[in-house]
2 protein chains.
Amino acid sequence: MRRFLFVFSNSGLNGIIYERKSMTKIEPRLLKGFRDFGPDRQVERQAMFAKIQTVFERFGFLPMATPVLEYKDILMGKYGDDEKLVYSFKDNGDRDVAMRYDLTVPLARFVALNQNYLTFPFKRYQIAPVWRADNTQKGRFREFYQADIDAVGTSAQLADAEVIACVCQALSAIGFSKYKLRLNDRRNFDMFGENSASIIRSIDKFDKVGMAGVVAELESKQVAPELIDTAKRFLEGSIELPKRAELEQLRSNIIALGVPEENIVIDPSIARGLDYYTSTVFEVIIPDLAEYGSVASGGRYDNLVDQFSNQSLAAMGGSLGIDRLFEALGETGNVAFQTLVKVIVINFDPNLEQQYLTMAARLRSEGINTELYYEPAKLEKQLRYAESKNIAHALIVGADEAAQGVVKLKDLQTRTQIECTFEEVIESLK
Amino acid sequence: MRRFLFVFSNSGLNGIIYERKSMTKIEPRLLKGFRDFGPDRQVERQAMFAKIQTVFERFGFLPMATPVLEYKDILMGKYGDDEKLVYSFKDNGDRDVAMRYDLTVPLARFVALNQNYLTFPFKRYQIAPVWRADNTQKGRFREFYQADIDAVGTSAQLADAEVIACVCQALSAIGFSKYKLRLNDRRNFDMFGENSASIIRSIDKFDKVGMAGVVAELESKQVAPELIDTAKRFLEGSIELPKRAELEQLRSNIIALGVPEENIVIDPSIARGLDYYTSTVFEVIIPDLAEYGSVASGGRYDNLVDQFSNQSLAAMGGSLGIDRLFEALGETGNVAFQTLVKVIVINFDPNLEQQYLTMAARLRSEGINTELYYEPAKLEKQLRYAESKNIAHALIVGADEAAQGVVKLKDLQTRTQIECTFEEVIESLK
């Protein structure tokens, strides 16, 4: 018999409610573009985040957190064509607020707000979700994680080299050593004069739409034919890049930091869509997984903090598209569900419940991740549960074992079991 | 000279913009009730999260993640008087959406959506932020983290004992061993008949407003005088609790799991404000930090999943108010800023830059968190930077050392330095 103890207080209710007789049912469903990660995936996902965090900390970046909501005007004017994808609304206090769209603009706001208390260069990492009301038909998600590192308050090229090398090593750490790093410098686009911002946005699409697509878009923007011709030759590589020497120097520093030479190319088509980059820009693709597009990117943004501050603070940053990488990991078969639980205490005899609790407590105090089955169910049911969760061992104590002061330890892979003392179990599981 | 390369595209802009001559400045500011955590605090905060996670995994709970945004109707009707604090808005597709208010209702939605694929009992933990448009003058924050564990699909009392013991041990793990656990059972309120929901909400305020406050509120709600009298005697402890025996059994199981007996009381005034609890309820306070109120709480909610599903799934959960605990930790002086960086490579001579990069790469490959100073600044400036970040060692190589194949390692606490080979440095820092 189903009971419905709860009555909805209809005052605050304006969603879709299905009323059937005395029942008040709500259909469980997810918003399009949003995902759950059950334990089968989240264990691996967290392990991936931890590996990336370790690499970030190796390079001396420290963690930081900013809120999900910001005043809307903090975010606006930074994202070019994509600004319409920012989630924004009026809060209860009639303030215009927005959900963070990336981790860079909130960082710039943070630095401007706290500049008198910070030591520069300010090096931080942040691994956190962002929200974009993107078209989900392109296989994009509306909530996804980014893993960012930034060095604010330095214009040294070593900062560029370190940020880029760190991003590349994070990719290696999670299993992607066959990546391709593409470098460019936004100042190479200065030859396009006052049209450069618009032309950059079109050139940024080169990978997806090809030369014909870029030319068509430039034409539709009514860009002068001679500039379109320059853009074509630029993309073909037949114009020498004004910043070639700087890019070669950067490349050599990245190699000194351990990135394999053959993984790095200088590529004039790399422009990046965001408005705020000023010189170095980079992106990383995995050639074997080209359909995922760029899995990491970044660049130098020497004027972003200025928008919030009278103090000029040059900055360099990089970002890993961590959820895209997680999907890609699944595709390469590198993800296997691993449980974190080592042993299950079988609930065999209701009279021994206190002993089961004490054993579970002892195992845990020895650092062994331990489950206790909650109901005194049939042994087979409990073992099936353990197997479904990939738990390797079951600890079985019935009245006989309790009387003799022994326990049974069953290996759920081999289906063999031994009888021994509880202390021996602890030693063997530790 | 300051330059302003970026022009705001005014199309998408409706925030407060300060225009001064050619400048477009946005005042950097945080929304009320929202906080940044700079590295000085976030390093410790992450360490606290990790300790809690370790305890959760010891008890066999596995990680899970749900989105920040849900359909609004999923969240409504679950939070009693506080429902008005849910952040909600219409998204770009004109859907009514809401930011998650707790981690329990999204879990219930997840379980209902995936019930055919899950193994029960389904045990998960989630450490994640929630949002409540609360009154900030009460010292409350609008974005704060919760750390939750739940066991769904079991009505066994062992689940209650384990969830509560796990929460208590997480508190111990982060430095709060002097806590007080207060237990009650919502069924004790059945004596109030059909008025119980309303009376529970008033009794829940007993800690804050005292007996007179509870009575006044019940009177203002026009509760019958004889029920108010019952409520008074109930709170005074002069009515025997109908569920006393069950609570004593629960208490004894919690003790078997390692929670000190003297930390546990059965307390009829514990009601908890949320509508969805059905029997066991608990909260934890730190008597030395009573002003923080309850720092952990939870209970059994055997009918919440039913609201989304035709399958009935009993459940037990607990939650740590992790940000409140972090504030409390600061107050007890248990938080000290620790850097994660072990050594800084001093940038001394521009001609040796490639060598500095190579040394930094080598140190990192040995697992040593290493900073490289980006600019060839004065030695004193670099050492001051390192000290401000609590970095313990500086590695100094100038032209002389490079020629001799040695390095200098300076201890920034003692201000002493030794000359040795780079390999010796690695050995001593590892």
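Peer 1: Which parts of the structure should I look at to understand the interface of chain A and chain B?
Peer 2: As a measure of interface size, the accessible area lost when the parts come together is often cited. Every contact between the two is made by 128 residues of chain A and, on the other side, 129 residues of chain B. For the pairing of chain A and chain B, the buried interface totals around 10900 Å² over both sides, and the portion due to carbon and sulfur atoms is 57%. Where chain A packs against chain B, one counts 8 salt bridges. D73 of chain A is the salt-bridge partner of R29 of chain B, the closest N and O atoms lying 3.0 Å from each other. Counting across the chain A and chain B interface gives 38 residue pairs in polar contact (both at pLDDT 80 or more). The element that contributes the greatest number of residues to the side of chain A that touches chain B is helix α1 (residues 39-58) of chain A, accounting for 8 residues.

Peer 1: Any chance you could explain the relation of the copies chain A and chain B here in plain terms?
Peer 2: One chain copy maps onto the other through a rotation about an axis and a shift parallel to that axis. Expressed as a screw operation, the relation of chain A to chain B combines 0.0 Å of axial shift with a rotation of 180°, fitting to an RMSD of 0.0 Å. Here the symmetry operator amounts to a two-fold rotation axis. The position closest to the rotation axis in chain A is occupied by the C-alpha of F89 of chain A, lying 3.2 Å away. Interface residue correspondence from chain A to chain B reaches 100%, placing this contact among same-surface, isologous pairings.

Peer 1: What should I look at first to understand the side chain of R186 of chain A in this one?
Peer 2: Residues and elements named next belong to chain A. Along the chain, R186 falls in the loop between β9 (180-185) and α5 (196-203). Assessed through its relative accessible area of 6%, R186 is described here as buried. From its side chain, R186 meets the backbone oxygen of A271 in a polar contact 2.9 Å long. At a separation of 2.7 Å, a polar atom in the side chain of R186 contacts the main-chain carbonyl oxygen of R272. Once residues lying within four places of it in the same chain are set aside, the contact partners of R186 are I200, A271, R272, G273, L274, D275, Y277, T278, S279 and V281.

Peer 1: Explain the sheet that holds strand β12 (residues 296-300) of chain A here, please?
Peer 2: Backbone-to-backbone hydrogen bonds pair the strands of a sheet. The strands run either parallel or antiparallel. Residue and element names in this part refer to chain A. Strand order in the open sheet formed by 8 strands is β3-β7-β8-β13-β12-β11-β9-β10, and the pairing between neighbours is mixed. Looking at which strands have only one partner, the edges of the open sheet turn out to be β3 (62-63) and β10 (264-266). When β3 meets strand β7 (residues 122-131), the two strands line up parallel, connected through 2 bridges. Note that in β7 the partner of L62 across the bridge is R124.

Peer 1: For this particular structure, what's the right way to read the side chain of Q42 of chain B?
Peer 2: Residue placement: Q42 of chain B occurs in helix α1 (residues 39-58). In this structure Q42 of chain B comes out as buried when scored by relative accessible area, which is 6%. With near-sequence residues (within four places) excluded, Q42 of chain B lies in contact with P63, M64 and A65 of chain A together with F37 of chain B.

Peer 1: What should I look at first to understand the pattern of salt bridges in this one?
Peer 2: Once their charged atoms are close, side chains differing in charge can pair, the charge on each being opposite to the other. Overall, the coordinates contain 64 salt bridges over all chains when judged by the stated rule. The shortest N-O distance in the salt bridge between R364 of chain A and E162 of chain B comes to 2.7 Å. Pair noted here: R364 of chain A is in helix α10 (residues 353-365) and E162 of chain B is in helix α4 (residues 157-173), and the two residues belong to different chains. We note that R364 of chain A, like E162 of chain B, is buried. A salt bridge links E401 of chain A to K408 of chain A; its shortest N-O distance comes to 2.9 Å. For E401 of chain A, a relative accessible area of 10% corresponds to the buried category. Among the charged side chains, a salt-bridge network with shared partners connects R35, R41, R45, D323 and E327 of chain A.

Peer 1: I'm lost on the state of the cysteines in this one. Help?
Peer 2: Disulfide: a covalent bond formed between the sulfur atoms of two cysteine residues. Applying the stated criterion across every chain, the model contains 0 disulfides over all chains. Take C168 of chain A: it sits in no disulfide, and the sulfur closest to it among the cysteines is that of C166 of chain A, at 9.3 Å.

Peer 1: Quick question: what am I supposed to make of the sheet that holds strand β8 (residues 143-152) of chain B here?
Peer 2: Residues and elements named next belong to chain B. Pairing is mixed across the open sheet formed by 8 strands, whose spatial order is β3-β7-β8-β13-β12-β11-β9-β10. This sheet does not close on itself; its edge strands, each paired only once, are β3 (62-63) and β10 (264-266). Lying over the sheet, helix α3 (residues 104-114) contacts β7 (122-131) and β8, oriented at roughly 40° with respect to β8. Against the sheet, helix α9 (residues 322-331) engages β7, β8, β12 (294-300) and β13 (315-321), with an angle of about 35° to β13.

Peer 1: When you look at helix α13 (residues 422-429) of chain A in this model, what are you seeing that I'm missing?
Peer 2: Residues three or four positions apart in an α-helix share a direction because the helix packs 3.6 residues into each turn. Residues and elements named next belong to chain A. All of the buried residues in α13 are F422, V425, I426 and L429. Each buried residue of α13 lies within a common arc of 100° when the element is viewed along its axis, so the set occupies one face. Residues of α13 that are exposed and point more than 90 degrees away from the buried face comprise E427 and S428. Buried residues along α13 sit against β14 (343-345), α10, β16 (393-396), β17 (407-411) and β18 (416-420).

Peer 1: It is not clear to me how the packing of aromatic side chains should be interpreted in this structure. Could you clarify?
Peer 2: Aromatic ring pairs are reported here in terms of the distance separating the ring centres and the angle at which the planes meet. Throughout the structure, instances matching the rule amount to 25 aromatic pairs over all chains. For the ring pair Y79 of chain B and Y101 of chain B, a centre distance of 4.1 Å and an interplane angle of 40° mean the geometry is tilted. Linking Y79 of chain B in the loop between α2 (72-75) and β5 (88-90) with Y101 of chain B in the loop between β6 (96-99) and α3, this pair joins segments that are 22 residues apart in sequence. A relative accessible area of 1% places Y101 of chain B in the buried class. Put simply, the rings of F189, F192 and F234 of chain A pair up and form one aromatic cluster. One cation-aromatic arrangement involves K123 of chain A over F61 of chain A; the distance from NZ or CZ to the ring centre is 4.8 Å. When the ring centre of F141 of chain B is taken as reference, the NZ or CZ atom of R35 of chain B above it lies at 3.5 Å.

The rules behind the values
- Residues numbered from 1 in each chain as written.
- Chains lettered and ligands numbered in written order.
- Predicted model: local features only at pLDDT ≥ 70, side-chain atom pairs only at ≥ 80, totals over all residues.
- Heavy atoms only, no water.
- Contact = heavy atoms within 4.5 Å.
- Buried area = accessible area lost by both parts, 1.4 Å probe.
- Salt bridge = Lys/Arg side-chain N within 4 Å of Asp/Glu carboxyl O.
- Polar contact = N/O pair within 3.5 Å; in protein donor to acceptor, adjacent residues only side chain to side chain.
- Helix = DSSP H or I, 4+ residues; strand = E, 2+ residues; numbered from the N terminus.
- Least-squares fit on C-alpha atoms with pLDDT ≥ 70 in both.
- Buried < 20%, exposed > 50% of the residue type's maximum accessible area, 1.4 Å probe, protein only.
- Pairing = 2+ DSSP bridges.
- Disulfide = S-S within 2.5 Å.
- Axes fitted to C-alpha atoms, helices over the stretch in contact; angles between N-to-C directions.
- Arc of directions from axis to C-beta.
- Phe/Tyr/Trp six-rings, centres within 6.5 Å; stacked < 30°, edge-to-face > 60°.
- Lys NZ or Arg CZ within 6 Å of the ring centre and 35° of its normal.

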